[in-house]
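Read off the chains here:
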Amino acid sequence: MNNQLTIAIPKGRILTESIELFAKIGIHLESMLEDSRKLIFEYPEQNLRALIVRATDVPTYVEYGCADLGIVGKDTLLEQDKDLYEPLDLKFGYCRMMVAEPVNLAKSDDPGRWSHIRVATKYPHVAEKYFASKGVQAEIIKLYGSIELGPLVGLSERIVDLVSTGETLRQNGLVEVETIAEITTRLVVNRASLKTKHQRIRGIIDGLEKIIS
Ligand SMILES: Nc1ncnc2c1ncn2[C@@H]1O[C@H](COP(=O)(O)OP(=O)(O)OP(=O)(O)O)[C@@H](O)[C@H]1O
Ligand SMILES: O=P(O)(O)OC[C@H]1O[C@H](OP(=O)(O)OP(=O)(O)O)[C@H](O)[C@@H]1O
């Protein structure tokens, strides 16, 4: 039984695709999609269990070894910079991390001339690093959601946020001005588990790699 695997799966928008992907390599976690308040799903016949966690908490469970494997967005990995093995780009959950600002400001704005700016974001570390690399002094204001509201109420001139369809920006009179990173979902692995459960984890990585390539 000590070869049992624990997988951390994020609730939210990448839940269903994660479960569909695992099903393709014979790991069946479909009962996680049933309406339930359960947080641990046991699959003794598959010698594994799955935890349902907040997307932003996946790296923590994997880093501490509470989960051997996790599924998580690259945005979260960039922000948290945890010591995890990241063997695979799962090629779904595609979006972009962008700097955006109001249409009117963009008309006369030149990102090459930014010196002191104020930015609202859910990704303060990524934003800080990005602006520092451009030599721009940025005051970063951390928000937890509805980031697009920031410039509309004068909290900040600009935001750093994820853009997928662009609909949220459009409906709020904002436009993209710079791309920070292309984002997809990743498989992450606890470094100790990679050694102690090597064969099983390698089998999963290889299986997933074949499916997505
Ligand atoms: N349009 C999008 N907006 C946000 N995330 C997206 C989008 N498209 C794909 N993603 C990916 O989905 C992941 C999970 O997003 P989701 O909205 O479910 O959780 P979250 O609200 O960011 O996390 P938490 O609830 O832990 O704060 C993101 O980290 C990102 O990698
Ligand atoms: O380009 P779009 O397809 O419109 O998607 C982008 C929006 O989706 C995310 O927000 P989410 O729905 O996760 O809500 P949040 O504001 O609570 O983060 C993201 O933060 C943007 O606001």
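Because the structure is a prediction, the values reported are computed rather than measured. (Residues numbered from 1 in each chain as written. Chains lettered and ligands numbered in written order. Predicted model: local features only at pLDDT ≥ 70, side-chain atom pairs only at ≥ 80, totals over all residues. Heavy atoms only, no water.)

Peer 1: Which residues make up the layout of surface pockets, and what values go with them?
Peer 2: There is about 1,100 Å³ of room inside the largest pocket. Together, 35 residues line the largest pocket, and Arg13, Asp75, Lys122, Tyr123 and Leu162 are the ones closest to its centre. Broken down by secondary-structure element, the contributors of at least two residues to the lining of the largest pocket are β4 (69-73), α3 (74-80), β9 (158-163) and α7 (167-171). Ranked by residue count, the leading element in the lining of the largest pocket is α3, at four residues. Split by residue class, the lining of the largest pocket holds twelve nonpolar, 14 polar and nine charged. In terms of domain composition, the lining of the largest pocket takes at least three residues from each of domain 1 (5-93 + 184-212) and domain 2 (95-182). Lining the second largest pocket we find 14 residues, and of these Leu77, Leu78, Glu79, Val126 and Lys129 sit closest to its centre. In the lining of the second largest pocket, the residues fall into seven nonpolar, one polar and six charged. Viewed by domain, the lining of the second largest pocket spans two of them, domain 1 (5-93 + 184-212) and domain 2 (95-182), each represented by three or more residues. (1 Å grid on protein atoms, 1.4 Å probe; cavity = no way out; pocket = protein on both sides within 12 Å on 5 of 7 lines; lining within 4 Å. Points joined across faces, edges and corners; volume = space filled by probe spheres on them. Helix = DSSP H or I, 4+ residues; strand = E, 2+ residues; numbered from the N terminus. Nonpolar A, V, L, I, M, F, W, Y, C, P; charged D, E, K, R; others polar. Domains from an automatic or database assignment.)

Peer 1: Help me get a handle on the sheet that holds β4, residues and values and all.
Peer 2: Read across the sheet, six strands follow the order β2-β3-β1-β4-β11-β5 without closing on themselves; strand pairing throughout is mixed. The open sheet has two edge strands with one neighbour each: β2 (40-43) and β5 (85-89). For this sheet, the mean inter-axis angle between neighbouring strands, taken without regard to orientation, is 25 degrees. Where β2 and strand β3 (residues 48-53) come together, four bridges link them in antiparallel fashion. Directly across from Ile40, in β3, lies its bridge partner Leu51. Helix α1 (residues 15-24) rests against β1 (5-10), β3 and β4 of the sheet, and its axis sits at about 145 degrees to β1. Helix α9 (residues 198-212) contacts β1, β3, β4, β5 and β11 (185-189) of the sheet and is inclined by roughly 25 degrees relative to β5. (Pairing = 2+ DSSP bridges. Axes fitted to C-alpha atoms, helices over the stretch in contact; angles between N-to-C directions. Contact = heavy atoms within 4.5 Å.)

Peer 1: Go over the UniProt feature "domain: ATP phosphoribosyltransferase catalytic" (unreviewed entry) in the protein chain, please, and point to the residues and values.
Peer 2: In this numbering, the UniProt entry assigns the feature "domain: ATP phosphoribosyltransferase catalytic" (unreviewed entry) to residues 54-209. Helix makes up 36% of residues 54-209 and strand 33%. Its end C-alpha atoms lie 25 Å apart. (UniProt positions renumbered as here; feature names shortened; annotations may be inferred.)

Peer 1: Give a description of a nonpolar patch on the surface that names residues and reports values.
Peer 2: Together, Leu149, Leu152, Val153 and Leu155 make up a nonpolar patch on the protein surface, roughly 340 Å² of accessible area in all. Looking at where Val153 falls in the secondary structure, it is placed in the loop between α6 (149-152) and β9. Among the residues examined, Val153 registers a relative accessible area of 60% and is labelled exposed. (Patch = residues over 30% accessible without salt bridge, like charges linked within 9 Å, V, L, I, M, F, W, Y side chains within 5 Å. Areas by Shrake-Rupley, 256 points an atom, 1.4 Å probe, with all protein chains shown as cover. Salt bridge = Lys/Arg side-chain N within 4 Å of Asp/Glu carboxyl O. Buried < 20%, exposed > 50% of the residue type's maximum accessible area, 1.4 Å probe, protein only.)

Peer 1: An account of the packing of aromatic side chains is needed here, citing residue identities and associated values.
Peer 2: For the structure on display, the rule yields two aromatic pairs. Both rings, one in Tyr130 and one in Phe131, keep their centres 5.3 Å apart while their planes meet at 70 degrees; by these two values the pair is edge-to-face. By the burial criterion, Tyr130 is buried, and Phe131 matches it. Three or more aromatic residues link up through ring pairs in this structure, and these residues are Trp114, Tyr130 and Phe131. It is Lys142 that lies over the ring of Tyr144; its NZ or CZ is 4.6 Å from the centre. (Phe/Tyr/Trp six-rings, centres within 6.5 Å; stacked < 30°, edge-to-face > 60°. Lys NZ or Arg CZ within 6 Å of the ring centre and 35° of its normal.)

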